[in-house]
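# Understanding the architecture of this molecule
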Amino acid sequence: MSVKNMSFETKSIHAGEPRARYAGSVNIPIFQSSTYEIDKDSQEIGMRYLRLNNTPNHIFLHRKLAALECSEAALVTSSGMSAITTTLNTFLELGDHLLCHKVLYGGTAGYVSKELPKSGVDVDFIDASQPSDWALKIKPNTKVIYIESITNPLMTIPELDEIVRFAKENNLISIVDNTFATPVLYNPIVNGFDIVLHSATKYLNGHSDIVGGAIMGGEEHIYKIKSKLNYLGGSMDPNTCYLLQRGIKTLLLRFNKQSENAKKIAEYLNNHENVIKVNYPGIPSNSEHLRAKKYFGGYGAMLSFELKGGVDYSDEFIGRLKYPLNAASLGGVESLITRPVQTSHSFLNPEERAKAGISDSLIRYSPGIESAADLIDDMDHAF
Ligand SMILES: *Cc1c(COP(=O)(O)O)cnc(C)c1O
C-alpha cells in the first residue's frame, strides 16, 4: 500500500499495518519472542533477534513512523534519550565538533555538555533563532548541527529554513528533536533536515504509559544509526512497540485538541493580573508568533508561564489545581504540570539555567484532552 497519496489521518491508521493480517487479527499481535527461526525465504532480514530491532513489531512500527515523518526509514529505541545519544554517537567521534541550540531538553543539554566532551567531542552553543550567530561558531571540524523544532521549556522556535541552508552550505548533518512540534505541525525531512528524533514517550504515544524513542531519516543514515544501536542495545520491547503503534493512531485527534486547549489556557493566563509572562507561540505578542506562522501553521500544545509571587506561590498554585498532575513528562491525554527546575531541567546548575533563561518559578503546562473550560475553571480557583 503506497503511503504517498494518503493524508495524515489515513497514514496514522493504515500506514505500516500488514495488509494480510496475522491470523486475521485486526491489530498486530505482540510478538513476545527474543529470537526467531532463520527464515530461508527472507534473505534481506537474516537473523531476527529482538536487540537487532527487526522483529515484526519493529518492522511495522518503523513503516508507520517513516510514513508520518515522510522519511525513507525509521527506527525505534528504548527511550527518547536513547534515540538522541545513539544518533549523536553515530555521527560524532573523537576530534569532531557539534553545534547545538543553547536551550535543549534537560537530558540532552546535560549529555552534550557533560558526557560528549569526555569522548573528545567539542561542543558549542548557538542561538538557533539568530542566523548571524552561527558563522561565528562554526569550525573546520564541525560535523553536526542539533536543534529542537520547539524548545523546552520556553517554546522558542528556531529559524528552521536557515538552519537547513546553513547545514547544507557547510556540509553538516542537521538533526532536529521534533518531540514538541510532532509531525502534525512540522515535517523536518520534507523541509530539508537530515534526521528527526522524537521522545515517543510524549505525543506520539500520548498516554503516559511507555518510554520510547524514534529516529527518522534517509535509508543510509538510519542504517548507520541502527548498526550503532545494535551495539549499544537500546532496543524497544515488543509490548512497547504495540502500545506505540496503537497510540499513534489517535495522534492527530489528540494533538489538535491539546493545541486548542493550550491556546485557550494561554489566552486566559495572558489576561490574568497574577501572571508575569506566558510562553506560547499562539499569542500574537509572543516573540515566536511569526516564526510559528511561517513554519508551522499552528502553535503546538505546550505552554509555560511565570506567576507573581515566586517559587512559593507557584508551588501553592500547582498544589491547589485539581486536574493537572504535578509530574514530569508531557503529551499525555491527561494534563500534566511541573516546574522544570524541579524535573526536566534539574540536570542544569543555577548558572546554566540562568543562561538558558529558565527561572526557578517557571511553570510548564501540558494540557491533556479534558475540556478547556474545566481546566481554566480549575486555574481560576487556584488563583
Ligand atoms: C522527554 C524528552 C526527551 C527525552 O525522552 P525520554 O523518552 O524521556 O528519554 C527528549 N527531548 C524532548 C524534547 C523531550 O521532551
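These numbers come from a predicted model, not from an experiment. (Residues numbered from 1 in each chain as written. Predicted model: local features only at pLDDT ≥ 70, side-chain atom pairs only at ≥ 80, totals over all residues. Heavy atoms only, no water.)

### As for the pairing of strand β4 (residues 142–148)
Within β4, six of the seven residues are buried, which leaves it mostly tucked inside the rest of the structure. Examined bridge by bridge, strand β2 (residues 97–101) and β4 share four bridges and lie parallel to one another. Looking across to β4, one finds that L98 is bridged to V144. Two elements, β4 and strand β5 (residues 173–177), share five bridges in a ladder whose sense is parallel. Bridging across to β5, I145 finds its partner in S174. Handedness of the crossover joining β4 and β5 through helix α6 (residues 160–169) is recorded here as right-handed. (Buried < 20%, exposed > 50% of the residue type's maximum accessible area, 1.4 Å probe, protein only. Helix = DSSP H or I, 4+ residues; strand = E, 2+ residues; numbered from the N terminus. Pairing = 2+ DSSP bridges. Right-handed = clockwise from strand over helix to strand, strands pointing away.)

### Considerations on the nonpolar core
Within the largest apolar cluster, 74 residues are counted, with the highest numbers of intra-cluster contacts made by L303 and F305. When residues of this core are assigned to domains, at least three fall in each of domain 1 (3–248) and domain 2 (252–382). The residues touching L303, leaving out its near neighbours within four places in the chain, are M155, A262, I265, A266, L269, V278, N279, Y280, I363, R364, Y365 and P367. (Core = buried A, V, L, I, M, F, W, Y, C linked by side-chain atoms within 4.5 Å. Domains from an automatic or database assignment. Contact = heavy atoms within 4.5 Å.)

### Side note on the packing of aromatic side chains
On inspection of all chains with the given rule, the structure shows nine aromatic pairs. For the ring pair Y22 and F60, a centre distance of 6.1 Å and an interplane angle of 70 degrees mean the geometry is edge-to-face. Here the residue Y22 occupies a position in the loop between α1 (8–14) and α2 (56–69), and F60 occupies one in helix α2, the gap between them amounting to 38 residues. By relative accessible area, which is 32% here, Y22 ends up partly exposed. Cluster of aromatic residues (ring-pair linked, three or more members): Y268, F305, F317 and F383. (Phe/Tyr/Trp six-rings, centres within 6.5 Å; stacked < 30°, edge-to-face > 60°.)

### Re the sheet that holds strand β1 (residues 73–77)
Strand order in this open sheet of seven strands is β1-β7-β6-β5-β4-β2-β3, and the pairing throughout is mixed. Bordering the open sheet on either side are β1 and β3 (122–126), each of which pairs with just one other strand. Sheet twist, expressed as the mean angle between neighbouring strand axes with direction ignored, is 20 degrees. Alignment of β5 against strand β6 (residues 195–199), held across three bridges, turns out to be parallel. Across the sheet, residue I175 finds its bridge partner in β6, namely I195. Of the strands in this sheet, β2, β3 and β4 are in contact with helix α4 (residues 106–115), which crosses β3 at around 135 degrees. In the packing of helix α8 (residues 219–232) onto the sheet, the strands contacted are β1, β5, β6 and β7 (213–217), and the crossing angle to β1 comes to about 25 degrees. (Axes fitted to C-alpha atoms, helices over the stretch in contact; angles between N-to-C directions.)

### Description of the site of the ligand
In the vicinity of the ligand lie 14 residues, with M81, D177, S199, T201 and K202 positioned nearest. With respect to the ligand, the backbone of M81 contributes an N or O atom lying 2.8 Å from an oxygen atom. In the complex, the protein chains occlude 91% of the 380 Å² of accessible area that the ligand would expose alone. Its residues assigned to classes, the shell around the ligand shows six nonpolar, six polar and two charged. (Near = heavy atom within 4 Å. Polar contact = N/O pair within 3.5 Å; in protein donor to acceptor, adjacent residues only side chain to side chain. Areas by Shrake-Rupley, 256 points an atom, 1.4 Å probe, with all protein chains shown as cover. Nonpolar A, V, L, I, M, F, W, Y, C, P; charged D, E, K, R; others polar.)

### Things to note about the pattern of salt bridges
Where side chains of opposite charge bring their charged atoms close, a pairing between them can arise. As enumerated under the stated definition, the model contains 16 salt bridges in all. Two residues, K294 and E159, come together in a salt bridge whose shortest N-O distance is 3.2 Å. Here K294, found in helix α11 (residues 289–295), pairs with E159, found in the loop between β4 and α6; they are 135 residues apart in sequence, far enough to count as distant. In this structure, the salt-bridge partner of D360 is R353, at a minimum N-O distance of 3.7 Å. (Salt bridge = Lys/Arg side-chain N within 4 Å of Asp/Glu carboxyl O.)

### Considerations on the domain arrangement of the protein chain
Domain boundaries assigned for the protein chain yield domain 1 (3–248) and domain 2 (252–382). The centre of domain 1, based on its C-alpha atoms, is set 26 Å off from the matching centre of domain 2. The interface is formed by 40 residues belonging to domain 1 together with 39 residues belonging to domain 2. On the surface where domain 1 and domain 2 come into contact, there are two salt bridges. Close ionic contact of R291 with E159 constitutes a salt bridge, the shortest N to O distance being 3.5 Å. The interface formed by domain 1 and domain 2 holds 14 residue pairs in polar contact (both at pLDDT 80 or more) in total. When contributions to the side of domain 1 that touches domain 2 are tallied by element, the ones reaching two or more residues are α1, α4, α6, α7 (182–185) and α9 (238–248). With five residues, the single largest contributor to the side of domain 1 that touches domain 2 is α4. Grouping the constituent residues of the side of domain 1 that touches domain 2 by class yields 20 nonpolar, 14 polar and six charged.

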